[in-house]
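Descriptive structure summary
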Amino acid sequence: TLAVGRDGGDPRPFDHPFVVAGFMFVGEISCLLVHYMTRARGCRKRYNTNVCALPAMFDISATCIMYVGLTMTTATTMQMMRGTVVFFTGLFSALFLKRRLWPFHWCALFSVCVGAAVVGYASLLVAPAEAGGASPADGEHGLWQRLRGDALVVVSQLFVATQMCIEERFVTGHDMPALLTVGCEGLWGLFGLFVLLAVLQHTPGAHGHPVEDTIDALAQIHNSPRVLAFLVANACSIAVFNAIGVTITKTASAAYRMVLDSMRTIGVWAFGLAFAGESFHPLQLVGFAFLALGAMLYNEAVALPCSAAYPSERQREEDKARLAERRLVSASRSSGRLSSAEECHASADYRLYELSDAEAGGERLFDDFFTPHLSRWTAHFNR
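Residues numbered from 1 in each chain as written. Predicted model: local features only at pLDDT ≥ 70, side-chain atom pairs only at ≥ 80, totals over all residues. Heavy atoms only, no water.

1. Quick notes on the packing of helix 5 (residues 103-125) against helix 11 (residues 282-298)
- At their nearest, the axes of helix 5 and helix 11 sit 7 Å apart, and the two run at 160 degrees to each other. In this view, helix 5 runs roughly antiparallel relative to helix 11, as classed from their interaxial angle. Judged by the sense of rotation from one axis to the other, the crossing of helix 5 with helix 11 is left-handed.
- Of the residues contributing to the contact of helix 5 with helix 11, the split by class is 20 nonpolar, six polar and no charged. (Axes fitted to C-alpha atoms, helices over the stretch in contact; angles between N-to-C directions. Helix = DSSP H or I, 4+ residues; strand = E, 2+ residues; numbered from the N terminus. Parallel < 35°, antiparallel > 145°, perpendicular 65-115°, else oblique. Left-handed = near helix turned anticlockwise from the far one by under 90°. Nonpolar A, V, L, I, M, F, W, Y, C, P; charged D, E, K, R; others polar.)

2. Brief notes about the packing of aromatic side chains
- Per the counting criterion, the structure on display carries eight aromatic pairs.
- Between Trp 269 and Phe 280, the aromatic rings sit 5.9 Å apart at their centres with planes inclined by 25 degrees, giving stacked as the arrangement. Here Trp 269 is found in helix 10 (residues 254-275), whereas its partner Phe 280 is found in the loop between helix 10 and helix 11, with 11 residues between them in sequence.
- An aromatic cluster is present here, built from Phe 87, Phe 88, Phe 92 and Phe 96 joined pairwise through their rings. (Phe/Tyr/Trp six-rings, centres within 6.5 Å; stacked < 30°, edge-to-face > 60°.)

3. What to know about the packing of helix 4 (residues 85-95) against helix 5
- Contact geometry for helix 4 and helix 5: axes closest at 8 Å, N-to-C directions at 145 degrees. The handedness of the crossing between helix 4 and helix 5 comes out as left-handed. Residues Val 86, Phe 87 and Leu 91 of helix 4 lie in contact with helix 5, whose contacting residues are Trp 106, Leu 109, Val 112 and Cys 113. (Contact = heavy atoms within 4.5 Å.)

4. Quick look at the pattern of salt bridges
- Summed over the entire model, instances satisfying the criterion amount to six salt bridges.
- The salt bridge involving Arg 316 is made with Glu 300; its shortest N-O contact spans 2.9 Å. Of the two residues, Arg 316 is situated in helix 12 (residues 313-335) and Glu 300 in the loop between helix 11 and helix 12; the sequence distance between them amounts to 16 residues.
- On the basis of relative accessibility, which here comes to 18%, the residue Arg 316 falls in the buried class. (Salt bridge = Lys/Arg side-chain N within 4 Å of Asp/Glu carboxyl O. Buried < 20%, exposed > 50% of the residue type's maximum accessible area, 1.4 Å probe, protein only.)

The values reported here are purely geometric and, on their own, carry no functional implication.
The structure is reproduced here in structure tokens:
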């Protein structure tokens, strides 16, 4: 989208990825309104929202890097390459959270790697009319530009995976509602982004311009209602996506969630082909199939025709108990309810149970999003 900047010259593309990231955080903050509107009447429970600060810093890094990559590649490629988060999350959860990965997990990670490689290669073969506001992508310069954009999107998913592992290590166990957690991370993220924007405003970049000229971005927003409308729509879509996502996680199966997530990618793909001048290549379809298959395998929405690739029921219960105990100890340490001498008896102080359909109708907690296959279980103290 073209808009006149602060210099008053000819209209130019709105190339301010860090400012766009700020509107994304505004969308996350709006989840606080949904939380307070939908929480149980009379509920005055206080939560330690400071635990959201560290994950929010990684959210800033991931979002800004991703939007910078979007200026160099197409929206369709970016949306598909975001599927690599499954690979990084699975790998980090095994390395840092000591979570066991079973053969079906490794098959899923392999499928994601193949899909990302195919999508990245396909993005180098197509020649979109316009990639992120850049000049027509042709020749060696355009090829390297798209390659850098794809690489930045993948790097951003590395930060997303780190954020998810930090959330599981420090945020789970606090019984925080999911929408409250998203909103608090948005607040911390917006605060951190304000500091980053102030630094980048005074950091010289190409041609003597700031790395991120926030003043010029505000001028373009002021001079172009269309730019403002797109930014507001982006913030609203983030809010709606998170609110609906919590509802879906509360009521739907893993297969249903995976289908909806795939439909989101297909929707972005169709819009790009119809209105954004993107080109179609058959390899994109192959890469998308591998990425979707990997996500579905990892979340057990589909199963491999080999029972040896999956753990037994006893092994599943052992994994659940180990994860629940680790969360309990982490939450108890932060609240001061458990001394180090008592930690060895922590397993006797919790119970693990499966939520029935009737019990699942309550407010969705943040912990419900952090199980190996998004199953509905959590840890509670015995009273």
